[in-house]
2 protein chains.
Amino acid sequence: MSTEPQFIELMRALATGPAARGLNDDAAALNVGAETLVLTHDMMVEGVHWLPGQDPADVAWKLVAVNLSDLAAKGAEPLGVLLGYSLGDNDVRFAAGLGEVLAAFEVPLLGGDTVGGGPGRAHGLTAIGRATHVPVPDRSGARPGDSIWLTGTVGGAMLGFDAVRSGLDDPTSRAAFCRPRPLLAEGRALAPLVTAIMDVSDGLLLDASRIAQASGVNLDIERDAVPLAPGVAGSGRAYEALRWGDDYQLLFTLPASVAPPIPATRIGTVGSAGQFPVTLDGAPPDPDLPLGYLHG
Amino acid sequence: MSTEPQFIELMRALATGPAARGLNDDAAALNVGAETLVLTHDMMVEGVHWLPGQDPADVAWKLVAVNLSDLAAKGAEPLGVLLGYSLGDNDVRFAAGLGEVLAAFEVPLLGGDTVGGGPGRAHGLTAIGRATHVPVPDRSGARPGDSIWLTGTVGGAMLGFDAVRSGLDDPTSRAAFCRPRPLLAEGRALAPLVTAIMDVSDGLLLDASRIAQASGVNLDIERDAVPLAPGVAGSGRAYEALRWGDDYQLLFTLPASVAPPIPATRIGTVGSAGQFPVTLDGAPPDPDLPLGYLHG
């Protein structure tokens, strides 16, 4: 919408002070006494973030998982969540999925609110965590010469979305889109080592460009080094997989001499800032395609 | 909706553990290291919690104020808020009101999310505070013989709602509904003394019945002792004012020997549990009318 950039600018201007950082796409760090908290809030909207007819249990899972993924990218240990829920047709299935995801990641539901909702319902979730490493890692520390790393693969959620949309009975594909797993242990292991880190929610190229811009550098990605989910290679969709989000892998940079303490793939090198924040094998990405999913 | 009680029951069953309390109508306390945090999340829905055509700046103010009021009732000092915002027609006015309320109560915006929203937009807000007194006061400690106290008056928001709905140019009345003020200093002063406390958001009688049920007692309110906002007395709406919420006053109980450290009015006495959680001059409230605003 036309007003969005202005609104976000206004909100950014309000989100000031040493303890306050991040709006819309990053978790905030907050010092309380001797503790450092990490806080994040994400929303999901019917018809935008989930498909009509999708199992509400999967919606609940994803709502919690994407917020926990934001904590993972800060190396934070989850303390709990608060839920804002718009009541609808199948609340019992939502509650069932909520129970599953909270149990899977051992996170308590601390509170929340329920309201009557019409079509286009919106749910919100706040996740609170405790930083396990300070300073809390962020996107701004990548330096020329660092290597770029990625956990897991990209493209799995893209295939899963197709499976859900077309009603395919392919549980593995569907799970990649419907039941992402926040990489909490991996984030905690990485926090003391990384120069920059984020979770890939909106697409590898777009999120890489965010690290590049926050750090004032270029991220050059070796196209053939990026690990693709099974079924993506040879499908003609490899480039699309670089622009698809929802896989919730961790993208991070390390000094060249440091090896990651968890399984990950080296996918490129940080360079000095140039004309383009992110390049592929030294060349700019296709100018006719967006780098990833842009929130509307 | 028919599924709501079941959903809330499921959510309550999930909201377990010593650190987790409260869903839908109470703030949660969470111990983190040596600190005790207080957390709350409330939503507002277009057409339900605000009127079509109402100034978005007022919606922003109220969204923040009602959540801060939940912190006030816990004696907590606000640390910040996270906002879930559904974009719409007049986001700049919303951002302006958000700036005003955050400045008025010196609370930072820590983060949040914006999403595209259709009609029936829903906004959510999470407020985080630090407890200034432990144990954090709650609703469950009222004992027979305690006196019942109320800050301020009731009925002001009721008249303000009418002013807004009918387009009256009456800034004082409108402000009572549109710009409630969380009683943060009062809550901090009361926290070490009260046996039970909550903010009156859904109506004096309904919220009194919640203290009564949480504490296992009766709250007997002296009808003529309840202070009414100017314009309510003599209007024939005094009883309605006892059932109208949105004034965000603090309702609390104290041992009979303790005087409140802030301006407040003694409005009744706690008794042993009887047939009715709340009574008026010893008699049950009108059985044909709800005790207050019940969330749908």
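For every chain, the first residue of the written sequence is number 1, and numbering continues from 1 onward in sequence order. Lettering of chains starts at A and numbering of ligands starts at 1, both following the order in which they are written. Given that this is a predicted model, residues contribute local features only at a pLDDT of at least 70 and side-chain atom pairs are listed and counted only at 80 or more, while totals for whole chains, interfaces and linings are drawn from all residues. Side-chain numbers come from the whole structure's heavy atoms, not from hydrogens or water.

Draft legend 1. Up close: the sheet that holds strand 2 (residues 35–45) of chain A. All names here are of chain A. Strand order in the open sheet formed by five strands is 1-2-5-3-4, with mixed pairing between adjacent strands. Strand pairing shows two members of the sheet lacking a second neighbour, strand 1 (28–32) and strand 4 (109–116), which therefore form its edges. Direction aside, neighbouring strands of the sheet carry axes that sit 20 degrees apart on average. Relative to strand 2, strand 1 runs antiparallel, the two being bridged by five bridges. By the bridge assignment, Asn-31 is partnered in strand 2 with Thr-36. A contact between two residues is defined here by any heavy atoms of the two lying within 4.5 Å. For helices, the axis comes from a line fit to the C-alpha atoms of the stretch in contact; other axes are also lines fit to C-alpha atoms, and the angle between any two N-to-C directions lies between 0 and 180 degrees. Counting from the N terminus, the helices are the DSSP runs of H or I reaching at least four residues and the strands are the DSSP runs of E reaching at least two. Docked against the sheet, helix 2 (residues 56–72) engages strand 2, strand 3 (76–87) and strand 5 (122–131), running at close to 145 degrees with respect to strand 2. Pairing between strands is defined by DSSP: at least two bridges between them are needed.

Draft legend 2. Representation of the domain arrangement of chain A within the structure. Residues and elements named next belong to chain A. Once the domains are mapped, chain A shows domain 1 (4–131) and domain 2 (147–280). Relative placement of domain 1 and domain 2: their C-alpha centres are 21 Å apart. Roughly 1,900 Å² is buried in total at the junction of domain 1 and domain 2, and carbon and sulfur atoms are behind 61% of that figure. The term salt bridge refers to a pairing of a side-chain nitrogen on Lys or Arg with a carboxyl oxygen on Asp or Glu at a separation within 4 Å. Linking domain 1 with domain 2 are three salt bridges, by the criterion used here. Put simply, Glu-100 and Arg-179 hold a salt bridge, and the shortest N to O gap is 2.8 Å. Pairing of N or O atoms within 3.5 Å defines a polar contact, subject to two protein rules: one partner must be a possible hydrogen donor and the other a possible acceptor, and residues neighboring in sequence count only if both atoms are side-chain atoms. One can count six residue pairs in polar contact (both at pLDDT 80 or more) joining domain 1 with domain 2. Elements with a contribution of two residues or more to the side of domain 1 that touches domain 2: helix 2 and strand 3. The greatest single-element share of the side of domain 1 that touches domain 2, amounting to 10 residues, is contributed by helix 2. When the residues that make up the side of domain 1 that touches domain 2 are grouped by side-chain class, the tally is 11 nonpolar, three polar and six charged. Throughout, the edges of the domains are those of an automatic or database domain assignment. Buried area adds together the accessible area that both of two parts lose upon being put together, with accessible area traced by a 1.4 Å probe. Asp, Glu, Lys and Arg are counted as charged, while Ala, Val, Leu, Ile, Met, Phe, Trp, Tyr, Cys and Pro are counted as nonpolar; the rest, among them Gly, fall into the polar class.

Draft legend 3. Just the sheet that holds strand 10 (residues 265–272) of chain A, in detail. Residue and element names in this part refer to chain A. The strand order across the open sheet built from six strands is 7-9-6-10-8-11, with neighbouring strands paired in mixed fashion. For this open sheet the edge positions go to strand 7 (196–199) and strand 11 (278–280), each flanked by a neighbour on one side alone. If you compare each strand with its neighbour and ignore which way they point, the axes differ by 25 degrees on average. Bridge analysis of strand 8 (residues 217–221) against strand 11 gives three bridges, and the strand direction is parallel. Opposite Leu-219, over in strand 11, you have Val-278 as the bridge partner. Sitting on the sheet, helix 7 (residues 204–215) touches strand 6 (147–150), strand 7, strand 8, strand 9 (250–254), strand 10 and strand 11, and the angle it makes with strand 8 is about 150 degrees.

Draft legend 4. Structural view of the packing of helix 2 of chain A against helix 3 (residues 91–104) of chain A. Residue and element names in this part refer to chain A. The N-to-C vectors of helix 2 and helix 3 enclose an angle of 40 degrees; their axes lie 7 Å apart at closest approach. The angle between the axes of helix 2 and helix 3 places the two elements in the oblique class. Where helix 2 crosses over helix 3, the handedness of that crossing is right-handed. Here helix 2 contributes Pro-56, Ala-57, Val-59, Ala-60, Trp-61, Leu-63, Val-64 and Ala-65 to the contact with helix 3, which in turn contributes Arg-93, Phe-94, Gly-97, Leu-98, Glu-100, Val-101, Leu-102 and Ala-104. Each residue belonging to the contact of helix 2 with helix 3 can be placed in one class, and the counts come to 13 nonpolar, one polar and two charged. Working definition: roughly parallel below 35 degrees, roughly antiparallel above 145 degrees, roughly perpendicular at 65 to 115 degrees, and oblique for all remaining angles. It is the rotation of the near helix from the far one that decides the hand of a crossing: anticlockwise by less than a right angle makes it left-handed, clockwise makes it right-handed.

Draft legend 5. Summary view of the UniProt feature "binding site: Mg(2+) 1" (unreviewed entry) in chain A. Under the present numbering, the feature "binding site: Mg(2+) 1" (unreviewed entry) in UniProt falls on Asp-42 and Asp-113 of chain A. Here Asp-42 of chain A shows up in strand 2. Relative accessibility thresholds used throughout: buried, under 20% of the residue-type maximum; exposed, over 50%; partly exposed, between the two (1.4 Å probe, protein chains only). Its relative accessible area of 15% is what places Asp-42 of chain A among the buried residues. Asp-42 of chain A has contacts with Leu-63, Val-66, Asn-67, Asp-70, His-123, Gly-124 and Leu-125 of chain A together with Asp-113 of chain B, leaving out every residue within four places of it along the chain. Here Asp-113 of chain A shows up in strand 4. UniProt positions are given in the numbering used here, feature names are shortened, and annotations may be inferred rather than shown by experiment.

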